[in-house]
Amino acid sequence: MVDTVSSLATRLHEVLVEFLTKGPAVAGTRGLHDLVARAAALGPDGAWIAASGHASLGGLACAQGQAEPAILHLEAAVSGGFNDCVALHMALMIPLHQDPRFRALYERMRITQADLDEFFWLHREMQIMVREAQDASVDNIGRLDTGVSLLPQAPMPTREPNTLGVLITRIDLAAAQTALQQGAVKAEFQRSSGNTSLSLIDDSWDYPRAMRDAWHADELETRRRQAAEARAFVERPGAGTMLIPCPPLGSITYPA
């Protein structure tokens, strides 16, 4: 099968989901290295996908305390179009801020105000999704019904970005949404099937409570779905579309 930008973007999503669900120790980095090589073979069209692979490899190296490979991968990412200055203010990236090479690659990045607004939204949504998954997990403890509640997600922005780096972070968010939803659905099916089995063998099963739990779960899911829809990204009127330097390193507070 011949690689295309679309097919490699799909593969990138799959690799990132694997990392998030299995962890780098199990998933390994072969998939990311393979993506970088295949995307590079597409020329300029695949540059942003290769940049995404390098950015992920750089983040993994940084998390493991390996500053040298982290900076090398991030330099390659920036050369390929990565410009997510918000991501470079995550806690795990802070140790690199004093390195002159990191400061130099950061200063090479250019962004528009409109894209910066979306970067903040994308990263904020990642944090919200994690909290939503945690809250849903707690809410489902002790439920006696056999229904399965999904984890509602905010719609992905559809605006045409000014820089290709936005596409990288959109895939990061999409992968996080998929991984969290897979985890939630797996836990829900386990709970549901367990309750189904117990209801068949236990005459003392509390059916009225199970019905109340189902109603309450449906109400919570409706609220979460409405909240997710209300969080949809709305482009700010008048947001600049001219390329400018990123905000000074250290001046961005990563969304909580």
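See above for the structure.
Residues numbered from 1 in each chain as written. Predicted model: local features only at pLDDT ≥ 70, side-chain atom pairs only at ≥ 80, totals over all residues. Heavy atoms only, no water.

(A) Structural detail: the layout of surface pockets. Each pocket or cavity is described by its volume, and for the largest pocket that value is around 800 Å³. As for the largest pocket, its lining consists of 29 residues, and the residues nearest its centre are L20, S56, M90, M126 and D172. Breaking the lining of the largest pocket down by element, the ones donating at least two residues are α1 (5-22), α4 (47-63), α7 (113-139) and α8 (165-201). With 6 residues, the top contributor of residues to the lining of the largest pocket is α8. In this structure, the second largest pocket spans a volume of roughly 320 Å³. What lines the second largest pocket is a set of 22 residues, and nearest its centre among them are A133, A136, S137, N140 and A184. Listing elements by their share of the lining of the second largest pocket, those giving two or more residues are α7, α8 and α9 (207-230). Here the element with the most residues in the lining of the second largest pocket is α8; it accounts for 7 residues. (1 Å grid on protein atoms, 1.4 Å probe; cavity = no way out; pocket = protein on both sides within 12 Å on 5 of 7 lines; lining within 4 Å. Points joined across faces, edges and corners; volume = space filled by probe spheres on them. Helix = DSSP H or I, 4+ residues; strand = E, 2+ residues; numbered from the N terminus.)

(B) Representation of the packing of aromatic side chains. Applying the stated criterion to the full structure yields 1 aromatic pair. With a centroid separation of 6.0 Å and 70 degrees between ring planes, the pair formed by W121 and F233 is classed as edge-to-face. Here the residue W121 occupies a position in helix α7, and F233 occupies one in the loop between α9 and β2 (244-245), the gap between them amounting to 112 residues. Grouping residues by exposure puts W121 and F233 together as buried. (Phe/Tyr/Trp six-rings, centres within 6.5 Å; stacked < 30°, edge-to-face > 60°. Buried < 20%, exposed > 50% of the residue type's maximum accessible area, 1.4 Å probe, protein only.)

(C) Layout of the pattern of salt bridges. This model, assessed by the stated rule, comprises 14 salt bridges. In this structure, the salt-bridge partner of K22 is E18, at a minimum N-O distance of 3.6 Å. Of the two residues, K22 and E18 are both situated in helix α1; the distance of 4 residues between them amounts to about one turn of the helix. Linked through salt bridges whose partners overlap, the residues forming this network are D115, E118, R159, R170 and E235. (Salt bridge = Lys/Arg side-chain N within 4 Å of Asp/Glu carboxyl O.)

(D) Fine view of the side chain of H73. By the secondary structure assignment, H73 is in helix α5 (residues 67-79). Not counting residues within four places of it along the chain, the set of residues in contact with H73 comprises H33, H54, L57 and G58. (Contact = heavy atoms within 4.5 Å.)

(E) Here's a closer look at the packing of α1 against helix α3 (residues 30-40). Axis separation between α1 and α3 bottoms out at 10 Å; the angle between their running directions is 165 degrees. It follows that α1 is roughly antiparallel to α3 by the angle criterion. Regarding α1 and α3, the two cross each other, and that crossing is left-handed. For the pair α1 and α3, contact is made by L8, R11, L12, V15, L16 and F19 and by G31, L32, L35, R38 and A39, respectively. Taken together, the residues that form the contact of α1 with α3 break down as 8 nonpolar, 1 polar and 2 charged. (Axes fitted to C-alpha atoms, helices over the stretch in contact; angles between N-to-C directions. Parallel < 35°, antiparallel > 145°, perpendicular 65-115°, else oblique. Left-handed = near helix turned anticlockwise from the far one by under 90°. Nonpolar A, V, L, I, M, F, W, Y, C, P; charged D, E, K, R; others polar.)

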